[in-house]
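An overview of the molecular structure
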Protein chains: 2
Amino acid sequence: MLAAGLGIGGTPRPPGDSPIPAPGRLGPAALSALTEIVGRANVVDDDIARVAHCRGKSTSDLLRIRGGDVVDAPDAVVLPGSHDEVIGVLTCCAASGIAVVPFGGGTSVVGGLAPEAADFDGMIALDLRRMQELLSVDRASMTATMQPGLRGPQAEALLAGHGLTLGHFPQSFEHASIGGYAATRSSGQASAGYGRFDQMVVGVLLATPTGSWRLGRGPANAAGPDLRQLVLGSEGAFGVITELVLAVREAPSARKYEGWQLPSFTSGVELLRNLAQHDLPPTIVRLSDEVETASGLANATGVGEKTAGACYLLIGFEGTVTEVAAHRDAASGHLSAAGAVRLGGELGDEWLAGRFHGPYLRDALLDAGGFAETVETVSSWADLPALYAAVRSAITSAIPGPVLVLCHISHIYRGGASLYFTVICRQPDDPVAYWDHAKRAITDAILLSGGSVTHHHGIGTVHRPWLAAEIGDVGIRVLAAIKREIDPTGVMNPGVLVARDSVGQ
Amino acid sequence: MLAAGLGIGGTPRPPGDSPIPAPGRLGPAALSALTEIVGRANVVDDDIARVAHCRGKSTSDLLRIRGGDVVDAPDAVVLPGSHDEVIGVLTCCAASGIAVVPFGGGTSVVGGLAPEAADFDGMIALDLRRMQELLSVDRASMTATMQPGLRGPQAEALLAGHGLTLGHFPQSFEHASIGGYAATRSSGQASAGYGRFDQMVVGVLLATPTGSWRLGRGPANAAGPDLRQLVLGSEGAFGVITELVLAVREAPSARKYEGWQLPSFTSGVELLRNLAQHDLPPTIVRLSDEVETASGLANATGVGEKTAGACYLLIGFEGTVTEVAAHRDAASGHLSAAGAVRLGGELGDEWLAGRFHGPYLRDALLDAGGFAETVETVSSWADLPALYAAVRSAITSAIPGPVLVLCHISHIYRGGASLYFTVICRQPDDPVAYWDHAKRAITDAILLSGGSVTHHHGIGTVHRPWLAAEIGDVGIRVLAAIKREIDPTGVMNPGVLVARDSVGQ
């Protein structure tokens, strides 16, 4: 269908030769100073390491790497083993004018790993993979203290040893780190049940170029502004998260995922709103619109093919056997009222098996001469229908040829929900410039229709032009003032989140 | 009992003559400029208005007013009618070096209304009482847009017209304003069920000396740090909250409040932790320790008198009839397991009737030659037992004579709970200095034992010496940097939250 309808095909474009970055800019003095802090084995500047730390995982990032463009590769990769080593590296870099990119799983899709550092005396990727310990578990308070370099599966495996879970499963789960989750306000597939990652952060330790910053006393307090919320979402622009105290839950002993068929996207949206506002959100929810359902990408067994206009809904419940039964029971009245028809458990299991596969399909599509990107936003329930229409319309206007626009909702709140669009089309001649252009028109439409510039991907460099529309001029000035105070030489991820001209650095 | 055990009594101390503040410092030019912005009727500088806006409602505040000390009275009270008028007043004051105290209900107990403004060219109280409209209701998103000057009862009455409620009932409910709730991160008696006030704020508009700041797109997003959390708890130091978009709920159609008797405070704490961590918090919870129970102040029918060492627990459920029944049912197993014995519904009703009376009892006690103050904190469940013991011990050490120390828990979270102590003793010769001294020792003990300096009273000037222990030197620098950026002349509530020497203003 994709090949026929979108004109994808012909000669596949194979990846080019392995790209080689330009020689690193770090002089022997800087390399030696860094080596003294973290040890010889933990300063790496070979081509493979540098290319592996070049940018993130947006489609444009993949296409540029495929095209041999590694101009953003760091000059070296530094692997600290402790908070004190991170402080040492930041102090050294601040004194030497070397830019620092904190690097967790490398899965940013908004340019969060591509700072504007050409005029610095070098740039290092600060890879946190050595800091991967579960430091302690407080069962009474249900918190775990963890290091930032832990990847999703590692963190879950360590917690499983205590019968616990974070319940945070973003699509990037297999690669992304918990430090990255916190730095970007990540939201996982089970956010309806377990909450967003920012809601899990009880305490945080930040290493900055001007000192250590530990925050979090008690689960909540009134000791002035909640400054943890400045660290969450700071995207490496203020410092490096070196420790997190995270709320954990009992690992669920029962899970029940089911597929349902809804008469329309509109009826599904109403259903989700009702569940959220009656405090009955399932642990996991994913409602596909008519096009995503019909495309067969929502589920492999083709709900939409059987019933024109129908929409596929996956809902999952996790907890104890009693809780799962009680929550399913409480939701059932709302499902019936919405005209939902149960499709059986196997569709849920199928989703579970493939829950992290989406990004890999994109690689196959690129190989075949196709193009895929995603757009995500969030708004109040009241604004959601108009926002949905405006984004669909902006996408089809911005992309001249045949284009497939799929949408689903997978994060719901009492006040509103996210919208996640997948855009698939034939690969144009200059896909990077092409998407840049389309992205601008689409994001303008999002802001005009009351949506946020991003529900869970972050700002980075890609979304930065719309940040003033989101947080106002005062907000831009406040972020700049904080950055100047904490990072006076501006070495922390320059240009990411905070525009360099706003901060005068 | 109070009279006999604590030596309270003898000749009651009547309040002194009505105090008269010194003449206002505002010159005719300043008064005329302010009048031009808000109108003649809305600039008031008579003695009664000035004294009514002098400080807040801590016991020291009451004692100083009774003693005729009104040195902190504002030079005038200004009553703006709109966001634009607030912007006008702040711009005028910033240009003229006039300090501004945003004034809602006047119920601060931490010196939040007593800025350090002696060296300014005057000080005005910006009373927001004219801004008291419910601007709009969004039923789909379950939000209400409200003006900051609405008092608790006014806000609830307006929402009740739509079948809605905020569910926010702090002890100051009858006087406090919703702008004040937001500016101080208030937490109400029903926080277990409806959440803290900061969790209700979806959007906020702040008037600052350097412009308007509107925040809040969607219920949650990843557009950098959540800057709403800088406004919440900012205590007037950055600007004036002029509009709030608040999450609302259906007004409950059923309510069930019940008294229970627990074998001990320890068993009660375990019960509350279990309820919170199994996602079964009642809407309202209040667990009194053995002393508060025995004192008869937890309930009028004297649980503790009947059963030595027992503790009184009030729990309340609100919602639909079905919800109340389901939640009571789900909690019942935990109550039985904790050895709780039901005392019957009338004790709950008695609490409901007297829920806002606590502060008024204090006035009667002061009249009778007694002294009462409160201390509150919050910690993780793991730290709570040691914190409880440390605070009790610090209070009895700091107060030489007979002293009654009561404690209850009324705010519970998955990760921990608040502790609220009431201290009652004979009124010493210089009660203000006496409490200052005791407060220092008690607060030192709180910080050393892992507690927060405040769960819901805020920082103001009283708690400011411990803010660095709470948020670190980096936190102090960040708050100062934000203040310098937003309020470069430092006129906004000077010395409240942000120490003047930290900001160089």
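That block above? That's the structure.
Conventions and cut-offs
Residues numbered from 1 in each chain as written. Chains lettered and ligands numbered in written order. Predicted model: local features only at pLDDT ≥ 70, side-chain atom pairs only at ≥ 80, totals over all residues. Heavy atoms only, no water. Helix = DSSP H or I, 4+ residues; strand = E, 2+ residues; numbered from the N terminus. Rg over C-alpha atoms; globule rule 2.2 N^0.38 Å. Buried < 20%, exposed > 50% of the residue type's maximum accessible area, 1.4 Å probe, protein only. Contact = heavy atoms within 4.5 Å. Areas by Shrake-Rupley, 256 points an atom, 1.4 Å probe, with all protein chains shown as cover. Least-squares fit on C-alpha atoms with pLDDT ≥ 70 in both. Salt bridge = Lys/Arg side-chain N within 4 Å of Asp/Glu carboxyl O. Pairing = 2+ DSSP bridges. Axes fitted to C-alpha atoms, helices over the stretch in contact; angles between N-to-C directions. Phe/Tyr/Trp six-rings, centres within 6.5 Å; stacked < 30°, edge-to-face > 60°. Expected span 1.5 Å × (residues − 1). Arc of directions from axis to C-beta. Buried area = accessible area lost by both parts, 1.4 Å probe. Polar contact = N/O pair within 3.5 Å; in protein donor to acceptor, adjacent residues only side chain to side chain. Parallel < 35°, antiparallel > 145°, perpendicular 65-115°, else oblique. Left-handed = near helix turned anticlockwise from the far one by under 90°.

What follows concerns the overall build of chain A. Along the backbone of chain A there are 20 helices and 18 strands. Taking 23 Å as the expected radius of gyration for a compact globule of 505 residues, we find that chain A reaches 23 Å, a close match to that expectation. The principal-axis extent of the C-alpha atoms belonging to chain A is close to 70 × 60 × 40 Å. Looking at chain A as a whole, 60% of its 505 residues qualify as buried. Partitioning the contacts of chain A with sequence separation of at least 6, the portion at a separation of at least 24 is 74%. Accessible surface, chain A: about 17,700 Å² in total, of which carbon and sulfur atoms supply 55%.

For these two chains of identical sequence, chain A goes onto chain B by a turn of 180° and a shift of 0.0 Å along the axis, with RMSD 0.0 Å. Within this description, the copies of the chain are treated as partners about a two-fold rotation axis. Of every C-alpha in chain A, the one belonging to Ala481 of chain A sits nearest the axis of rotation, 3.0 Å from it. The overlap is high: 100% of the interface residues of chain A also sit at the interface in chain B, so the same surface is used on both sides.

A few words now on the pattern of salt bridges. Applying the stated criterion across every chain, the model contains 56 salt bridges over all chains. Note that Asp119 of chain B and Arg500 of chain B form a salt bridge whose closest N and O atoms lie 2.7 Å from each other. Of this pair, Asp119 of chain B sits in the loop between strand S3 (99–103) and strand S4 (123–127) while Arg500 of chain B sits in helix H20 (residues 500–503), and the two are 381 residues apart along the sequence. In this structure Asp119 of chain B comes out as exposed when scored by relative accessible area, which is 54%. The class of Arg500 of chain B is buried, set by a relative accessible area of 18%. One salt bridge connects Glu243 of chain B with Arg214 of chain B, and the closest N-O pair in it is separated by 3.2 Å. Of the two residues, Glu243 of chain B sits in strand S10 (residues 240–247) while Arg214 of chain B sits in strand S9 (residues 211–215), which places them 29 residues apart along the sequence. In this structure, a network of salt bridges that share partners links the residues Arg55, Arg64, Asp69 and Asp72 of chain A.

A few words on the pairing of strand S14 (residues 311–319) of chain A. For a regular strand, side-chain orientation follows a simple rule: the groups alternate between the two sheet faces. Residue and element names in this part refer to chain A. With 9 of its 9 residues buried, S14 lies for the most part within the structure. Going residue by residue along S14, you find Cys311, Leu313, Ile315, Phe317 and Gly319 tucked away on one face and Tyr312, Leu314, Gly316 and Glu318 tucked away on the opposite face as well. Pairing of strand S13 (residues 284–288) with S14 involves 4 bridges; the strand directions are antiparallel. Directly across from Leu287, in S14, lies its bridge partner Leu313.

Residue and element names in this part refer to chain A. Of all 8 residues making up strand S10 (residues 240–247), 6 are buried, and the element is well covered by its neighbours. For strand S6 (residues 143–146) and S10, the ladder comprises 4 bridges, and the chain directions are antiparallel. When the sheet's bridge partners are listed, Met146 is paired in S10 with Leu244. In the sheet, strand S8 (residues 201–208) pairs with S10 via 6 bridges, with the strands oriented antiparallel. Note that in S10 the partner of Ala207 across the bridge is Val240.

Turning our eyes to something else, we now look at the sheet that holds strand S3 (residues 99–103) of chain A. All names here are of chain A. Here we have 4 strands laid out as an open sheet, ordered S1-S2-S4-S3, and mixed in their pairing. Unpaired on one side and paired on the other, strand S1 (43–44) and S3 mark the two borders of the sheet. Direction of pairing for S3 relative to strand S4 (residues 123–127): parallel, over a ladder of 5 bridges. Residue pairing in the sheet places Phe103 in a bridge with Asp127 of S4. Seen against the sheet, helix H5 (residues 83–96) touches strand S2 (76–78), S3 and S4 and runs at an angle of roughly 170° to S4.

The next thing to look at is the packing of aromatic side chains. All names here are of chain A. A complete count under the given rule lists 11 aromatic pairs over all chains for this structure. Considering the side-chain rings of Phe371 and Trp435, the 5.8 Å spacing of their centres and the 45° angle between planes classify their relative orientation as tilted. Of this pair, Phe371 sits in strand S16 (residues 370–380) while Trp435 is found in helix H18 (residues 431–448), placing the two residues 64 residues apart along the sequence. No difference in accessibility class separates Phe371 from Trp435, as the two residues are buried.

Residues and elements named next belong to chain A. Given a rise of 1.5 Å per residue, 15 residues ought to cover 21 Å, and the 21 Å separating the end C-alpha atoms of helix H17 (residues 384–398) matches this to within 8%. Residues Leu384, Leu387, Tyr388, Val391, Ala394, Ile395 and Ala398 constitute the buried set of H17. The arc that holds every buried residue of H17, seen down its axis, measures 135°, which confines them to one face. Projecting away from the buried face of H17 at angles above 90 degrees are the exposed residues Pro385, Ala386 and Ser397. On its buried face, H17 sits against helix H11 (265–277), helix H12 (290–295), S16, strand S17 (403–409), strand S18 (416–426) and H18.

What follows covers the interface of chain A and chain B. Contacts between the two partners involve 73 residues from chain A and, on the opposite side, 73 residues from chain B. In terms of surface lost to chain B, no three residues of chain A exceed Arg217, Ala222 and Pro225 of chain A, which account for 13% of the buried area on that side. Counting across the interface, chain A meets chain B through 6 salt bridges. Viewed at the interface, chain B and chain A are joined by 34 residue pairs in polar contact (both at pLDDT 80 or more). Considering each element in turn, the side of chain A that touches chain B owes the most residues, 14 residues, to helix H19 (residues 467–486) of chain A.

What follows concerns unusual backbone geometry. Backbone geometry places Arg185 of chain A, a non-glycine residue, at a positive phi of 55°. Note that Arg185 of chain A resides in the loop between helix H7 (178–183) and helix H8 (191–194). Here Arg185 of chain A falls in the buried class, since its relative accessible area comes to 3%. With a phi close to 55°, Asp279 of chain B is a non-glycine residue in the positive phi region. Along the chain, Asp279 of chain B turns up in the loop between helix H11 (265–277) and strand S13 (284–288). Classification of Asp279 of chain B as partly exposed rests on a relative accessible area of 45%.

The subject of this paragraph is the packing of H17 of chain A against H18 of chain A. Residues and elements named next belong to chain A. It is at 9 Å that the axes of H17 and H18 come closest, and there the two elements cross at 160°. With respect to each other, H17 and H18 are oriented roughly antiparallel. Considering the relative orientation of H17 and H18, their crossing is right-handed. Within the contact between the two elements, H17 uses Leu387, Ala390, Val391, Ala394, Ile395 and Ala398 and H18 uses Ala438, Ala441, Ile442, Ala445 and Ile446.

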